[in-house]
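Observations on the model geometry
The chain contents come next:
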Amino acid sequence: MSSGMPLNPYGADQGTATKVPNYLVQSILVTVCCCIPFGIVAIVYATQVNSKLAANDFAGAQSSSRQAKKWCWIGFGIGLVLGLLGMVMQVMVAITAQQQGVMGN
């Protein structure tokens, strides 16, 4: 029942193409919510995955997928650390302001 056409538009069989995640959604979320510079790098790598699969460059698609995942985690980690530092700074400022307000009276 094969018509001689590839099973998907990427030229590979469907099992191979679906095993390479592109992490595009995660990259966009990291860019919007955590760390813009590293999120943009992750988006660049994530968008390369599908085009490399279309060119039958399975190894290149896997490499881009790993890079996108790596930069997503780096951006998430840095965003998390900076967010926590910001919260600690706000608490310290609030405590200092409260102590100065109490001592001023």
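Whatever comes next refers back to the structure up there.
The sections below set out a description of the structure shown in this document. Note that the coordinates shown come from a computational prediction; the quantities given were computed from them, not determined experimentally.

Let us now look at helix 2 (residues 24–33). When we look at burial in helix 2, the residues that qualify are Ser-27, Val-30 and Thr-31. All buried residues of helix 2 project into a common sector of 100° when viewed along the axis, lining one side. Seen from the open side of helix 2, the exposed residues pointing more than 90 degrees away from its buried face are Val-25, Val-32 and Cys-33.

The next thing to look at is a nonpolar patch on the surface. Together, Trp-73, Phe-76, Leu-80, Leu-84 and Met-87 make up a nonpolar patch on the protein surface, roughly 540 Å² of accessible area in all. Within the fold, Met-87 resides in helix 4 (residues 58–104).

Moving on to the packing of aromatic side chains. Taken as a whole and judged by the stated rule, the model has two aromatic pairs. Ring centres 5.5 Å apart and planes at 20° place the aromatic pair Phe-38 and Trp-71 in the stacked group. Note that Phe-38 is positioned in helix 3 (residues 36–54) and Trp-71 in helix 4, a separation of 33 residues in sequence. Centroid distance Trp-73 to Phe-76: 5.9 Å. Interplanar angle 85°. Geometry classified as edge-to-face. With Trp-73 and Phe-76 both in helix 4 and three residues apart, this pair spans about one turn of that helix. Relative accessible area serves as the criterion here: at 58%, Trp-73 is assigned to the exposed category. For Phe-76, a relative accessible area of 37% puts it in the partly exposed group.

The rules behind each value
Residues numbered from 1 in each chain as written. Predicted model: local features only at pLDDT ≥ 70, side-chain atom pairs only at ≥ 80, totals over all residues. Heavy atoms only, no water. Buried < 20%, exposed > 50% of the residue type's maximum accessible area, 1.4 Å probe, protein only. Helix = DSSP H or I, 4+ residues; strand = E, 2+ residues; numbered from the N terminus. Arc of directions from axis to C-beta. Patch = residues over 30% accessible without salt bridge, like charges linked within 9 Å, V, L, I, M, F, W, Y side chains within 5 Å. Areas by Shrake-Rupley, 256 points an atom, 1.4 Å probe, with all protein chains shown as cover. Salt bridge = Lys/Arg side-chain N within 4 Å of Asp/Glu carboxyl O. Phe/Tyr/Trp six-rings, centres within 6.5 Å; stacked < 30°, edge-to-face > 60°.

In short, geometric facts, not functional conclusions.
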